[in-house]
Structure formats: C-alpha cells, structure tokens
Amino acid sequence: MAESTVYEPDLKPPVSRVGVIGWIRGNLFNGFLNSLLTILVLYGLWKVIPPLFEWAFVDSLWFSSAEECKLADGACWSVVSQNIRFIMFGFYPYELHWRPLSSVMILLVLLGLTWNRNHWKKPLGVAWVVGAVAMGILMRGGIFGLEVVESTEWGGLPLTFFLAAVAMVVAYPVGVLLALGRQSRMPLIKTICVVYIEVIRGVPLITLLFMSVMMFPLFMPEGVTINKLIRAQGALIMFTSAYIAEVVRGGLQGMNKGQYEAAESLGLGYYHMMRLVILPQALKIVIPPTVSILIVAFKDTSLLVIIALYDLLKTTESVLAQPKWMGFSGEAYLFLALIYFICCFAMSHYSRKLESELGAGR
C-alpha cells in the first residue's frame, strides 16, 4: 500500500523581515551606529518640521498688507501675492499682461505636445515655428493692431523662459556642429573649433555677459547698436554650446569603430554616415549629461540680474527693494526656488523618460 504524501502548509516569512517593517529594520536599524543615526535624524526632523510647518502655513499671512505682516509671527506670503504681476511680468505694461501670459501658455502647450514622442513628426515642427512667431508677435506687437512693446520693458517669467528656451534650442545644434568640427580631419576647421571651445569653457559666463553688454558695443561702427537682450542671448548660446560640444564629443568617442567601418562599407558619405548611423547613437548615450547642461543653462539665466535685465530674479529683488517689503526676502526667494525646482525637475524627469523610451545604456 503506497504511503500518502502529506503536504505541509506554506510558511510565510517573518513579519520582521518583509514589508515596511522589514525594510525599516534592514535599512534604518540594522546596527548600533545606523540606529543611532536614524534616531538623531528623526529627532532633528521633529525639532525642525513642526515649527517650519507652523511658520509657513498656520501662522502665515497670504493676502494682507505689509504692515500686517510685520506684526505676524508666521511667513508673509503677501510679498508674493501682492506683487505677483510685477514679479511675473516686470515693467511690461500692466493692461497688456495678457500678451506675455498668452505667450507663456503657448510655450507650455508646445512643451506638453513635445513631451510625447508619438508627436515627434513634421506637424510638431511646424507648430513650433508657428508658435515661436506667435509668441514673438504677442511680446513685441506692431502688427494686427497690437501696441509695440520694446524689449527693454520685457521681464519676469516670460523673459526667463524665452532666454532659456532659445539658448537651449540654438545651442544644441551649434554644440553638435562644434563637436563634429573638433573631430574633423581638416586642420583649419579643427583648430577653430578647439580654440572656440577651450576659450569659452575657460571663461565664466558672467564675464561673457559683461563683455556682450559693456565691451561689444565699443567694436561696433558708430551709430550701429544691437539690443542688449540679443547680446545677452548670444552670450548664453555661446557658453552653452561650448559645453554641449564637449559632451557630444564624448559620445562620438564612445562609439565603436565598427559602426564607422560598417557605415563606410555601405558606401555612405560623411554626411549620411553621421546623420543616419553615428549621431543617433552618440546623442542617445549622452542624454544625461546633455540635460544636465541644459538645466544649468536654465538656472544661469538668473545671472542676467547683473546686467540689469529684469528676469524673474531681478523683478523679485526690485520688489524686495521697496521699504515696506524689506525683511520678507525669505518668502520671496522660497517662491523663486519653487519655480526653478519645478522647471528643473520636469526637465530631469523628461530626460529619464526619454532614456527609458530610447533604451539608452542598453
């Protein structure tokens, strides 16, 4: 008679080793030193977070006057709410604020469409061209019955966005061309690209901005002037493109020589080899450092405050220079930090998404 098989019930692992409890025990309390550091950090958070929350939200004032803020114990977010339009749009005519607001909305819509790679087709390129023209018309005016607003009156968030967007869009292809030129076998082109890249990368951006605003007009013919905004934009493009060139060069050097040989064996010329074989692979593997440079370029627009361009930082500082709002710089700069964080985090998140979709690194 065959013996019957007895199956023991499946035993679950101890609660102390799985789930949230297991993670806490394995990562936060897995030794004396680690446990001590965890307790100290928790104590520090307990001492900091409740008072900070009370200051920022419980005792704070959001829509009061400056005089009421001076009597309050909490944060004075009124410095932002009472001056939000100037912070966002600077000296742009008050009654025309709908125009820069519409321009920013067009830019955000275009960025939203670009977020999905399924939209990366010819109509999207046309939409960007049309959108750029529409944003320029809205900001500048002069046609369709729109009042002319000189660029000297532009400021705030639209100026920051547009300077950063143009710098990124123009600097990227210029950087790619510089990287290809530095890899060129033609001595003259290679020398020019090497000198340009090394000189620009060896000079701080603030120096380039001062040169573009203070020194560049001295070399222009008498009576010829170029808008200060355009000169600052040129300095941002030059600076960003030099760094992108080095990142792209790293991607080109990281390509297997077999890829070049395979492209040449197919009879592809230099242009088609780079466009169809080498650059698509090289640019894909340098997405992380490229996005890092573009994020830095976006944050570097805050340096325009030094040359008296009223970007987002400059308009905020102008508000804080008013006697009644002095002493509330913490709240204003926290608001600015939140805007910069949201924008930079969005770019960083998009780069990770793009890497995953393109299979970079595999």
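Residues numbered from 1 in each chain as written. Predicted model: local features only at pLDDT ≥ 70, side-chain atom pairs only at ≥ 80, totals over all residues. Heavy atoms only, no water.

**Student:** Which residues make up helix α7 (residues 122–140), and what values do they have?
**Tutor:** Over its 19 residues, α7 extends 27 Å from the first C-alpha to the last, a length consistent with the 27 Å expected when each residue adds 1.5 Å. On its buried face, α7 is in contact with α6 (98–115) and α8 (156–182). Gly141, located one to two residues past α7, shows a positive phi value of around 75 degrees. (Helix = DSSP H or I, 4+ residues; strand = E, 2+ residues; numbered from the N terminus. Expected span 1.5 Å × (residues − 1). Contact = heavy atoms within 4.5 Å.)

**Student:** Help me get a handle on the environment of Pro93, residues and values and all.
**Tutor:** Summarising the element assignment, Pro93 is placed in the loop between α5 (84–89) and α6. Residue classification places Pro93 among the buried positions, given a relative accessible area of 14%. Each C-alpha atom of the pair Pro93 and Leu61 lies 28 Å from the other, and the pair is 32 residues apart in sequence. When neighbours within four sequence positions are excluded, Pro93 is seen to be in contact with Val149 and Glu153. (Buried < 20%, exposed > 50% of the residue type's maximum accessible area, 1.4 Å probe, protein only.)

**Student:** Just give me the short version of the nonpolar core, but keep the residues and values in it.
**Tutor:** Across soluble globular proteins, nonpolar side chains show a tendency to be buried alongside one another. By size, the foremost hydrophobic cluster in this structure holds 83 residues, and its most contacted members are Val79, Phe161, Leu252, Phe298 and Leu312. Here this core gets 13 residues from one element, more than from any other, and that element is α8. Not counting residues up to four positions away in its chain, the partners in contact with Leu312 are Ile87, Met88, Gly156, Leu157, Thr160, Leu336, Ile339 and Tyr340. (Core = buried A, V, L, I, M, F, W, Y, C linked by side-chain atoms within 4.5 Å.)

**Student:** Describe in detail the state of the cysteines, supporting the description with residues and values.
**Tutor:** Tallied over the full model, the rule gives 1 disulfide. Put simply, Cys69 and Cys76 are joined by a disulfide, and their sulfur atoms are 2.0 Å apart. Between Cys69 and Cys76, the disulfide has an S-S torsion of 70 degrees and is therefore right-handed. There is no split in this pair, since Cys69 and Cys76 are both buried. Of all cysteine sulfurs, the one in Cys343 lies closest to Cys344, which takes part in no disulfide; the gap is 6.7 Å. (Disulfide = S-S within 2.5 Å.)

**Student:** Mind laying out the packing of aromatic side chains, listing which residues take part and the relevant values?
**Tutor:** Taken as a whole, this structure holds 12 aromatic pairs when the rule is applied. Relative to Phe328, the ring of Trp325 has its centre 6.2 Å away and its plane inclined at 70 degrees; by these criteria the two rings are edge-to-face. The two residues Trp325 and Phe328 agree in class, both being buried. What links up through ring pairs into an aromatic cluster is the set Trp55, Trp62 and Trp77. Over the face of the ring belonging to Tyr94 we find Arg85, whose NZ or CZ atom lies 3.8 Å from the ring centre. Sitting above the plane of the Tyr243 ring, Arg201 keeps its charged end 5.3 Å from the centroid. (Phe/Tyr/Trp six-rings, centres within 6.5 Å; stacked < 30°, edge-to-face > 60°. Lys NZ or Arg CZ within 6 Å of the ring centre and 35° of its normal.)

**Student:** Which residues make up the pattern of salt bridges, and what values do they have?
**Tutor:** This structure, assessed with the given rule, holds 5 salt bridges. With a closest N to O distance of 3.9 Å, Glu150 and Arg140 form a salt bridge. Note that Glu150 is positioned in the loop between α7 and α8 and Arg140 in helix α7, a separation of 10 residues in sequence. Here the salt bridges share partners, and the residues they tie into one network are Arg182, Glu198, Glu246 and Arg249. (Salt bridge = Lys/Arg side-chain N within 4 Å of Asp/Glu carboxyl O.)

**Student:** Talk me through the confidence of the model for the protein; I want residue IDs and the actual numbers.
**Tutor:** Overall, the prediction assigns the protein a mean pLDDT of 86, with 94% of residues at 70 or greater. Confidence, expressed as mean pLDDT per element, reaches its minimum in the protein at helix α1 (residues 19–27) with 78 and its maximum at α5 with 93. (pLDDT = per-residue confidence, 0-100.)

**Student:** Outline the packing of helix α10 (residues 205–215) against helix α11 (residues 228–253), listing residues and values.
**Tutor:** It is the contact of α10 with α11, at a shortest axis distance of 9 Å, that shows an interaxial angle of 145 degrees. In this structure, α10 meets α11 at a crossing whose hand is right-handed. Contacts between α10 and α11 involve Leu205, Leu208, Leu209, Ser212 and Val213 on the former and, on the latter, Lys228, Arg231, Ala232, Ala235, Leu236 and Phe239. Taken together, the residues of the contact of α10 with α11 break down into 8 nonpolar, 1 polar and 2 charged. (Axes fitted to C-alpha atoms, helices over the stretch in contact; angles between N-to-C directions. Left-handed = near helix turned anticlockwise from the far one by under 90°. Nonpolar A, V, L, I, M, F, W, Y, C, P; charged D, E, K, R; others polar.)

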